[in-house]
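Understanding the architecture of this molecule
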Amino acid sequence: MVESFAAVTTWMTHIGSTSANFSVVELAILFLLILIETGGIVTGFIPGDALVMTAAGLAGRHHEPFEFVALVILFSLASAIGDSINYWFGAWIIKQVDKIPWVKKHLNEEMTEKITANFNQKRWQLFIILGRFVPFVRTIVPLSAHRLHLRFKTYVHMSIAASTLWALTMVTIGYFFGHLELPKELTISVIVIAIIGAVLTLRSKRFRQAIVDLITKPSQEKGE
């Protein structure tokens with residue numbers, strides 16, 4: 001994870017060394033990175049959130065509203081398409097889980113089973129939105145949607161809404177800080193501190209349980 005972030009940061013710093021707007025090739029690479037991170041199930045090592053905010057920060061330095069809009073559309077599409085791929089790819093992955101220990105380890109199978117067994121059907125949209133904003137939930141969402149037989153058409157509509165909200169939020173945050181034209185060293189330090197804080201939070205059992213409680217049935221309903 002750290003090595004992947006370092007590699008992405010180096011590439012983004014190289015792009016940011018000039019005042020030129022993003023080229024078509026650079027936008028295509030950004031699209032592919034988010035598509036792979038979202039659609040690969042076990043490709044969570046790609047720091048998607050940090051990548052989006054860093055790209056948006058560079059757009060903010062360019063003071064170009066068109067780039068802001070382009071990045072929101074670009075990342076929304078990459079995320080939504082990745083989720084759609086994951087919905088179908090997840091069905092195949094599930095069959096391979098018991099055959100490939102490495103895959104099972106990275107799928108957080110225990111939490112997937114817990115959510116699948118007690119899922120609150122009224123909270124699909126909340127679950128899918130959380131799957132966009134909370135990294136460890138991202139791999140669970142498409143697997144659970146397929147296991148619980150959520151119609152693909154319904155899943156796509158919810159995924160598009162969640163992806164658009166996620167892209168708009170992350171790009172806005174990054175663009176705002178980039179627009180302030182903070183020193184690059186400070187910008188990188190803020191991103192690193194944010195990632196460390198996020199990792200520590202996500203590793204907290206209390207936080208994970210809080211997420212599970214949000215999307216599963218209340219205890220009194222489980223006994224019915």
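Residues numbered from 1 in each chain as written. Predicted model: local features only at pLDDT ≥ 70, side-chain atom pairs only at ≥ 80, totals over all residues. Heavy atoms only, no water.

1. Observations regarding the nonpolar core
To be explicit about the condition: In these notes, a set of buried Ala, Val, Leu, Ile, Met, Phe, Trp, Tyr and Cys residues joined through side-chain atoms within 4.5 Å is what counts as a nonpolar core. Exposure is judged per residue with a 1.4 Å probe applied to protein chains only, and the accessible area is read against the type maximum: over 50% gives exposed, under 20% gives buried, and values in between give partly exposed. The helix count covers DSSP runs of H or I at least four residues long, the strand count covers runs of E at least two residues long, and both are numbered beginning at the N terminus. Two residues form a contact once any of their heavy atoms are found within 4.5 Å.
In terms of nonpolar packing, the biggest core is built from 22 residues, with L30, L71, F75 and V171 touching the most fellow members. Those elements that provide at least two residues to this core are α2 (24-39), α3 (48-62), α4 (65-96) and α10 (152-179). Excluding residues that lie within four positions of it along the chain, V171 makes contacts with V52, A56, F68, L71, V72 and F75. Judged by nonpolar contacts, the second largest core, of 19 residues, contains Y87, L150, M158 and I211.

2. Things to note about the packing of helix α7 (residues 124-133) against helix α12 (residues 205-215)
How we decide: Orientation is described by lines fitted to C-alpha atoms, with helices fitted over the stretch in contact, and by angles between N-to-C directions that extend from 0 to 180 degrees. For classification purposes, angles smaller than 35 degrees are called roughly parallel, those larger than 145 roughly antiparallel, those between 65 and 115 roughly perpendicular, and all remaining angles oblique. Under the scheme applied here, ten amino acids are nonpolar (Ala, Val, Leu, Ile, Met, Phe, Trp, Tyr, Cys and Pro), four are charged (Asp, Glu, Lys and Arg), and all others, including Gly, are polar.
Two numbers describe how α7 lies on α12: the axes approach to 9 Å, and their chain directions differ by 150°. As summarised for this structure, α7 and α12 are arranged roughly antiparallel, according to the angle between their axes. Residues L126, F127 and L130 of α7 form the contact with α12, whose participating residues are I211, L214 and I215. Grouping the amino acids of the contact of α7 with α12 by side-chain chemistry returns six nonpolar, no polar and no charged.

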